[in-house]
Structures are given as structure tokens and as C-alpha cells.
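Next come the chains, spelled out residue by residue.
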Amino acid sequence: MSTPIIEAQHLSKTFSLQSDHIIRRNLFAAVSDVSFAVYPGETFGIVGESGCGKSTIAKMLMCLESPTSGEILFNGNRIDNLTERARRPIRTRFQMVFQDSGTTLNPRKTIGDLLREPMLYHHIQTAGCIEGRIDELLQDVGLSKNVKNRYPHEFSGGQRQRICIARALSVNPELIVLDEPVSALDVSVQAQILNLLQTLQAKNNLTYIFISHGLGAVRYISHRIAVMYRGRFVETGSCASLFTRPAHPYTRALIDAAPSVDEAALTRKKLLIEGEVGDEIPEGACPLIRRCPLSHEACTRFLHHLSPIPNDHGHESACLRALEANHG
């Protein structure tokens, strides 16, 4: 297997809780001991409900947030501990597309300006060649070159997201982190953007980290998937193994809650997760213990980490019961 393009090693992020401008002593762990590697040319999906820590991981990978602990390696070199000045030469090699295109595009600048500025700042194109490159980028994302002098508010949400993708591509990145890029769009537009991303990936040899709370989008575009709950990865595996043989109760509940025509999903007994995400859990216990119908006494004593599932290469689960069942 090739060298990972990006790798997270025991990544954690803790925030101090604040109320009325007074920082409390208790802390909130948004991400807890997460490790993964993403390889060139693949799409690594991260799925989970709102507040589970997905976007915090994205911001740490982009060096927009500093990890409380752990390391981030890009092409084998650590980047989380670099100064911004030292990081600047490699900034163009990893880019991000955010969920809300309306707030990420400066409303006072034309589309041409928004695409022109990063290329000039990073000295990627000369002034004489840049207009041709802008026309090419717009064509690649399905927009006419005639839109260069228009402003973001003149476009639909799907068109603005295409512009954001073009801006990310403008600096010739190797990796793009896509943080909920289609969740604010209509279903038909979502499909168009997902198909566009796949086309661009093949054309430009891109690597994606695709973050979403929607199972359908993650399943459609990802090669491997990590399921996240309360700051931790609870299951990882190939798209096929995770959806046909979900091992963790939380993964099963997510899949069972979504409409499906898969025979395996239709014939399998449904698993229902009850209670609230914010319910307190005993220290050291499984984070799902208060909501899981399969929990037992051992789940209160051990915070289970990802472990390989026997006879299912690359598939890992953090559920003790799932691992016991597979061993049995």
C-alpha cells in the first residue's frame, strides 16, 4: 500500500466550557484519540450526527484549529506543529470546501476576483495566463466563463458550491476536505455535485475527505468510511463491508433509520437507539452505553477502541459485543 497523503495519530481536541464570559474548569472533549490514514486517490468518508466532532477534525486537518494532543502528518511530514509561515509553502496542497457557500464567498468580489486572488497570491499563474485558467476552472465545474463579472448573490446554492469547488481547485491541491458540501442543497442538486466531485477526482487525481451526516451521500462517494459518535470513531471499513455487515450498534441504528432497498438491510432485525446524545456516561465506559439496547455490564468498565473484525479485512469496530459475536 502507498504512503498516506494525510494521517492523524491519536488526535484529540478539548474546549473549555464558557458561560457569561467566565471559563469553567470542566472541559468538553470534541475529539478523543482519533487515528486514521487517507491514501492518494481515495475518498475517505466520515459520518455521524451533528455535534459528534466531524467538523472539528476537518479544521484540525486544515490547521485552522490546533490539536490538544496528537499529530497530523501530510505526505509523511508533521504539519500541526509548524508556524503559519513555515506552513505557507504547502498550504496550496490541501484545501477545504465548507457547507455554507454563502458565507465563504466574499459578497463584494466578483467570481473572477475570487478565483484570481489565490492563484496570484501563491504565484501559481502569471497575470498573462490567469484568465485562461479561470475560464478552464469554470468550465470544469459546469459554469460558463461569462459569469466572471457576476457576484455570489446572483447564483443559486448549487452554483455557489460549484464556485467554491473551483476556488479550491485553483491552487492545484492534492487533498480536498469537503465538510458537509451538499447538506444544504436540494436532493437533485446534491446528486449533481457528487457526480461533479467524482469527475474532478478522476481528472485531477484528487484525494477527498468527505464529511457528512447523510448516509446516502457518504455511501455514494466514499471508498472507506468512519462512523463517529461523541468524538470517537466507533467503526471503520470499506463502504461495502460497513453497509452490508455493520458491526457497531450505532452504525446499525444509523443504517436502519434510513430508507433502503438493500436486501440485507430489509431482512435484518432493526436496531433502535433511544435516549439523548448528551446523557452522562460513567468514566471509562462505552460512549453509547446509555442508549444501546445491546449493552451489558462489561460496557461500563471499558472504553473500547477500534479493533479488527476477524475475517473481514480492514473492518474495525469499537463494540465489545460485536467483536465477541464475530469471534463466536
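Right, let's walk through the structure included here. (Residues numbered from 1 in each chain as written. Predicted model: local features only at pLDDT ≥ 70, side-chain atom pairs only at ≥ 80, totals over all residues. Heavy atoms only, no water.)

## Section: the overall build of the chain
The helix and strand tally for the chain stands at twelve helices and twelve strands. By the compact-globule yardstick of 20 Å for 328 residues, the chain fits well, its C-alpha radius of gyration being 21 Å. Dimensions of the chain, computed from C-alpha atoms along their principal axes, come out at roughly 70 × 50 × 45 Å. Residues classed as buried in the chain amount to 47% of the 328 residues present. For the chain, long-range pairs separated by at least 24 residues make up 62% of all intrachain contacts whose partners lie at least 6 apart in sequence. For the chain, the accessible surface area stands at approximately 16,400 Å², while carbon and sulfur atoms represent 50% of it. (Helix = DSSP H or I, 4+ residues; strand = E, 2+ residues; numbered from the N terminus. Rg over C-alpha atoms; globule rule 2.2 N^0.38 Å. Buried < 20%, exposed > 50% of the residue type's maximum accessible area, 1.4 Å probe, protein only. Contact = heavy atoms within 4.5 Å. Areas by Shrake-Rupley, 256 points an atom, 1.4 Å probe, with all protein chains shown as cover.)

## Quick notes on the packing of helix α4 (residues 111–121) against helix α5 (residues 130–140)
For the pair α4 and α5, interaxial distance at closest approach is 10 Å and the crossing angle is 120 degrees. Considering only the axes of α4 and α5, their crossing is right-handed. The residues of α5 that touch α4, namely those facing Ile111, Gly112, Leu115, Arg116, Met119 and Leu120, are Ile130, Glu131, Arg133, Ile134, Leu137 and Leu138. The residue inventory of the contact of α4 with α5, partitioned by class, reads eight nonpolar, one polar and three charged. (Axes fitted to C-alpha atoms, helices over the stretch in contact; angles between N-to-C directions. Left-handed = near helix turned anticlockwise from the far one by under 90°. Nonpolar A, V, L, I, M, F, W, Y, C, P; charged D, E, K, R; others polar.)

## Here's the deal with the environment of histidine 223
Within the secondary structure, histidine 223 sits in the loop between α8 (215–221) and β9 (224–229). When sequence neighbours within four positions are dropped, the list of residues in contact with histidine 223 reads Gly41, Glu42, Thr43, Gln201, Ser238 and Cys239. Here threonine 43 takes part through its backbone nitrogen, which lies 2.8 Å from a polar atom of the side chain of histidine 223. (Polar contact = N/O pair within 3.5 Å; in protein donor to acceptor, adjacent residues only side chain to side chain.)

## Quick word on the nonpolar core
Judged by nonpolar contacts, the single largest core of 55 residues is most densely connected at Ile165, Ile176, Leu197, Leu200 and Phe210. By residue number, the principal contributor to this core is helix α6 (residues 157–169), which donates six residues. Not counting residues up to four positions away in its chain, the partners in contact with leucine 197 are Ile165, Leu178, Tyr208, Phe210 and Ile221. Of all hydrophobic cores here, the second largest spans 31 residues; its members include Phe44, Met62, Ile90 and Ile209. (Core = buried A, V, L, I, M, F, W, Y, C linked by side-chain atoms within 4.5 Å.)

## As for α4
Along α4, the positions that sit buried rather than exposed are Ile111, Gly112, Leu114, Leu115, Arg116, Pro118 and Met119. Considering only its buried residues, α4 is in contact with α5 and α6. Directly beyond the C-terminal end of α4, a positive phi value near 60 degrees is found at histidine 123.

## A few points about the sheet that holds strand β7 (residues 175–179)
Taken in spatial order, the eight strands of this open sheet run β6-β7-β8-β3-β9-β10-β12-β11, and their pairing is mixed. A single partner strand is all that each edge strand has here, and the edge strands are β6 (94–97) and β11 (307–308). As paired elements, β6 and β7 share four bridges and run parallel to each other. Across the sheet, residue methionine 96 finds its bridge partner in β7, namely valine 177. Helix α7 (residues 187–204) rests against β3 (43–47), β7 and β8 (207–212) of the sheet, and its axis sits at about 160 degrees to β8. (Pairing = 2+ DSSP bridges.)

## Here's the deal with the side chain of arginine 160
Within the element layout of this structure, arginine 160 appears in helix α6. For arginine 160, which is buried and forms no salt bridge, the nearest opposite charge comes from aspartate 100, at a distance of 5.8 Å. Here the side chain of arginine 160 touches phenylalanine 155 through a polar contact of 2.7 Å, landing on its backbone oxygen. Discounting chain neighbours no more than four positions away, the residues touching arginine 160 are Ser101, Gly102, Leu105, Pro152 and Phe155. (Lys, Arg positive; Asp, Glu negative; His and termini not counted. Salt bridge = Lys/Arg side-chain N within 4 Å of Asp/Glu carboxyl O.)

## What about the pattern of salt bridges?
Counting across every chain of the model gives 17 salt bridges. Lysine 13 is the partner of glutamate 65 in a salt bridge, and the nearest nitrogen-oxygen pair spans 3.7 Å. With glutamate 65 in the loop between α1 (54–61) and β4 (69–74) and lysine 13 in strand β1 (residues 6–19), the pair connects residues that are 52 residues apart, well separated along the chain. The closest approach of N and O atoms between arginine 93 and glutamate 174, which form a salt bridge, is 2.7 Å. With arginine 93 in the loop between α2 (84–87) and β6 and glutamate 174 in the loop between α6 and β7, this pair connects stretches of sequence that are 81 residues apart. We classify glutamate 174 as partly exposed; its relative accessible area is 26%. Residues joined in a network through salt bridges with shared partners are Asp113, Arg116, Glu131, Asp135 and Lys148.

## Some thoughts on unusual backbone geometry
Trans peptide bonds make up most of the peptide bonds, and negative phi angles are found at most residues other than glycine. At histidine 10, a residue that is not glycine, the phi angle is positive and equals roughly 50 degrees. Located in the positive-phi region is histidine 123, a residue other than glycine, with phi close to 60 degrees.

## A few points about α5
Three or more residues of α5 are buried, namely Ile130, Arg133, Ile134, Leu137, Leu138 and Asp140. The buried residues of α5 occupy one face: seen down the axis, they fall within an arc of 160 degrees. Where α5 is buried, its residues touch α4, α6 and α7. Just downstream of α5 lies glycine 142, where phi reads positive at about 85 degrees. (Arc of directions from axis to C-beta.)

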